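Here is what each chain is made of, one letter per residue.
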Amino acid sequence: MQEIAWSITLWLTIILAVTYLYVAMKSGDAADASSVAGAAGSLRTWLFAMLAFAFVPVTLMTTADLPYGAGASTGKAQVVNVKGFQWYWEMDQEEVKAGIPVLFKVEAADVNHGFAIYDEDNVLITQTQAMPGYTNNLKVTFTKPGTYKFLCLEYCGRQHHAMEITLNVTSN
Amino acid sequence: MSNDISAGGRLTVVIYQAVAAVVLLLLMTFGLLMRYSQAGGLDLSEDLFYQLMTAHGIGMVGIAAICGVSIMWFFLSQYVQLTTEIFVLNLILFLVGVVMILSAIFLGGFAGAWTFLYPLPRISGGAWGPSMAALHLGGVLLIGVGFLLVHLDCGYAILKKYGSLTNALGWPTLFGGPQTGKFQHQVDEATPPPTVVASTMVTIVNILGLVSGASILVITIVNLFVPSFAISALLGKNMIFFFGHVFINATIYMAVIAVYEILPRYTGRPWKSSRPFLAAWSFSTVAVLIVYPHHLLMDFPMPVWMLVMGQVISYLSGIPILVVTALGALAYVHRSGIKWGMAPSLLFLATFGWAAGAIPAIVDGTIVVNSVLHNTLWVPGHFHTYLLLGLVPMALGFMYFLIEEEGSTIDLAAFWAFIIGGMGFTMTFLMAGAASVPRRFAEHQPWMQGMDTLGSAFAALAILGVALIAVRFLGGVLASLKA
Ligand code: HEM
Ligand SMILES: [Cu+2]
Ligand SMILES: [Cu+2]
């Protein structure tokens, strides 16, 4: 997911930069303003049309599988209760199995924290907020066994960067 | 243009910009210290890091607003009758607020970040006490009140001249009858200029944003001393991000007026309020108010429809003003025979920076992407792009315009140092974000440090560029004062 986000961003930025450089270089030889305005107007219409055309499929595709509402049915998920404190995590399991969904029920004792799951290669897999007074349900199915790490991704004070706990995922 | 700005008004604008130039440099240096400390090149204590982060964050947001509001005031006062005293009062309240904020941070240890996320100000784990939190939040509140007064004054002046906010947004032209042939002249007369349209939009959204911000500030301050006076953490977050999103975005909506007003003086093609322009600004007025849930995409107890709306409006909201402003700037410059000076160059760059910053923002506004990028360095990556390369060059371009300086080789070198440094700096943030590095970490573990040193080097280059430009501006101001 991160690579896709980065490539889209990089390429669109490059296209934008090249357009700007091109226009800056062509700015010297004056043309009639109305001819440029006409061309820009149709370009704008075209851009809008393209964006409008892409908008619906992209929205449908990206909202088909949202991370919300996981708490409604526990099913055969393995439940892990998590609580964030200034500045440590408490978790009622040390081990879960790969291949079976895990339902993290995430709470906070004092201030807002952010519950973020990292794999062994330090790749952020997914996250949810940990908020006093609320339970955030996050469902994850670990495909690979290993030691997973949890960092805090909501600024919570002087030891924010030091909140870390691990969970072993064993093969099923 | 109906009337010229008064001498007192102009001087106040120059003082605003001078304050901005100095504070900007100071805060950028704070930023470099943070970045280099993450790289391990410097050993800041975690307390000092988070204090610098708080000062940099709230200070930059404040300075962005100072830049934006002075640009808006300068040009708007040429169309409507603004009150100079209120504009001066705002600067005084700002400076008093800054003293309170800096004392609370560096003497009192307050480090609750510029988002002062409820209930962190009260629950600091021993880093600061409630009185210092109150001093800080009181300073922020004072600054907010100052800006609220300026916006109310602008709103009053606009209403007096145009009769209604919808008139000032150009609705009669937008929804009116034929606009060609013999009607063209009448329509041109009646249509508000881009400056008025943008100012009206900002007046509407910032008054609402500031009222929300002031409310949550007061609640948080009372909560410091009466913990039983509590609200839901989720409600607090909604109020803060509604305010924060509106306020920081409004800084650019104000500053972009410099592009509309100054660029045409170089290209010889006036920037008119066309129908697409008016439609874009009216749409954005609504969009900027309802898009803020994109900051809460990882708050699962939020109503799902609000979060989906956050994504959908994120996609839509950036587009109109961007397509209209960035494409507009391109069209106005393309084959215009423009004579490049520092002001138009910086303003042209600014429209690029704004558009470029919107790209990673829209990507991250997608819920499934947000799951892996939220609160990573991707986020500072996106907003530094549109603030450092969008808002800041708008302000710098306006400074050159004020001192009527086209620039020499040194200015040109500063310009390119700024671009290369700024692009490199923001790109390394984005790359670190894509590599899962968290934001707001006083200490980076070795795997997080990949981009830190390079990012610091680019930052230093950008700061060098801004320093040269700031010196040029302050020198120009001093010279004109002597004359
Ligand atoms: C070269 C100049 C700059 C440097 C080196 C710099 C550096 C930084 C760094 C290192 C952070 C913290 C990143 C993290 O989360 O780990 C940061 C955050 C931030 N910066 Fe900058 N910055 C610069 C310019 C600006 C400008 C021009 C603005 C706005 C006008 C700005 C606004 C902010 C804000 C609002 C934050 C968020 C603070 C928070 O997370 O609480 N910065 N900057
Ligand atoms: Cu934290
Ligand atoms: Cu936002």
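Residues numbered from 1 in each chain as written. Chains lettered and ligands numbered in written order. Predicted model: local features only at pLDDT ≥ 70, side-chain atom pairs only at ≥ 80, totals over all residues. Heavy atoms only, no water.

Participant: Can you walk me through the packing of aromatic side chains in this structure?
Facilitator: Here the distance between the centres and the angle between the planes together describe a pair of aromatic rings. A complete count under the given rule lists 38 aromatic pairs over all chains for this structure. Measuring from centroid to centroid gives 4.8 Å for A:Tyr20 and B:Phe348, while their planes differ by 45°, and the two rings are tilted. One end of the pair, A:Tyr20, is in helix α1 (residues 2-25); the other, B:Phe348, is in helix α13 (residues 342-364), on a second chain. Each member of the pair, A:Tyr20 as well as B:Phe348, carries the same accessibility label: buried. (Phe/Tyr/Trp six-rings, centres within 6.5 Å; stacked < 30°, edge-to-face > 60°. Helix = DSSP H or I, 4+ residues; strand = E, 2+ residues; numbered from the N terminus. Buried < 20%, exposed > 50% of the residue type's maximum accessible area, 1.4 Å probe, protein only.)

Participant: Please clarify how the interface of chain A and chain B should be interpreted in this entry.
Facilitator: Often, the extent of an interface is quoted as the loss of accessible area on bringing the components together. Listed per partner, the contact involves 73 residues of chain A and 84 residues of chain B. In this assembly, chain A packs against chain B so that about 6,800 Å² is buried in total across both faces, 69% of it on carbon and sulfur atoms. Ranking the residues of chain A by area buried against chain B places A:Tyr20, A:Tyr68 and A:Tyr155 at the top, with a combined share of 13%. We note a salt bridge from B:Asp47 to A:Arg158, for which the minimum N-O separation is 2.6 Å. At the junction of chain A with chain B, the criterion picks out 31 residue pairs in polar contact (both at pLDDT 80 or more). Of all the secondary-structure elements, those providing two or more residues to the side of chain A that touches chain B are α1, α2 (33-62), β6 (124-130), β7 (136-140) and β8 (146-152) of chain A. Sort the elements by how many residues they give to the side of chain A that touches chain B and α1(A) lands first, with 14 residues. Among the residues making up the side of chain A that touches chain B, the classes are represented as 40 nonpolar, 23 polar and 10 charged. (Contact = heavy atoms within 4.5 Å. Buried area = accessible area lost by both parts, 1.4 Å probe. Salt bridge = Lys/Arg side-chain N within 4 Å of Asp/Glu carboxyl O. Polar contact = N/O pair within 3.5 Å; in protein donor to acceptor, adjacent residues only side chain to side chain. Nonpolar A, V, L, I, M, F, W, Y, C, P; charged D, E, K, R; others polar.)

Participant: Please clarify how a nonpolar patch on the surface should be interpreted in this entry.
Facilitator: Residues A:Leu21, A:Met25, B:Ile410, B:Leu412, B:Trp416, B:Ile420, B:Leu461, B:Leu464 and B:Leu468 make up a contiguous nonpolar surface patch of roughly 890 Å² in combined accessible area. Residue assignment for the nonpolar patch shows that the elements contributing at least two residues are α1 of chain A together with α16 (409-434) and α17 (452-482) of chain B. The element best represented in the nonpolar patch is α16(B), accounting for four residues. Take B:Trp416: it is sitting in helix α16. You can call B:Trp416 partly exposed: its relative accessible area is 41%. (Patch = residues over 30% accessible without salt bridge, like charges linked within 9 Å, V, L, I, M, F, W, Y side chains within 5 Å. Areas by Shrake-Rupley, 256 points an atom, 1.4 Å probe, with all protein chains shown as cover.)

Participant: What's the story with the domain arrangement of chain A in this structure? I'm lost.
Facilitator: Under the domain assignment, chain A is made up of domain 1 (2-62) and domain 2 (78-170). Measuring from the centre of the C-alpha atoms in domain 1 of chain A to the corresponding centre in domain 2 of chain A gives 40 Å. (Domains from an automatic or database assignment.)

Participant: Quick question: what am I supposed to make of the sheet that holds strand β2 (residues 88-91) of chain A here?
Facilitator: Pairing between sheet strands relies on hydrogen bonds along the backbone, with the strands arranged either parallel or antiparallel. Residue and element names in this part refer to chain A. Taken together, four strands build an open sheet; the order of strands is β2-β1-β4-β7 and the sheet is mixed. Every interior strand has two partners, whereas the edge strands, β2 and β7, have only one. Neighbouring strand axes in the sheet, compared pairwise and without regard to direction, differ in orientation by 25° on average. Alignment of strand β4 (residues 102-108) against β7, held across five bridges, turns out to be antiparallel. (Pairing = 2+ DSSP bridges. Axes fitted to C-alpha atoms, helices over the stretch in contact; angles between N-to-C directions.)

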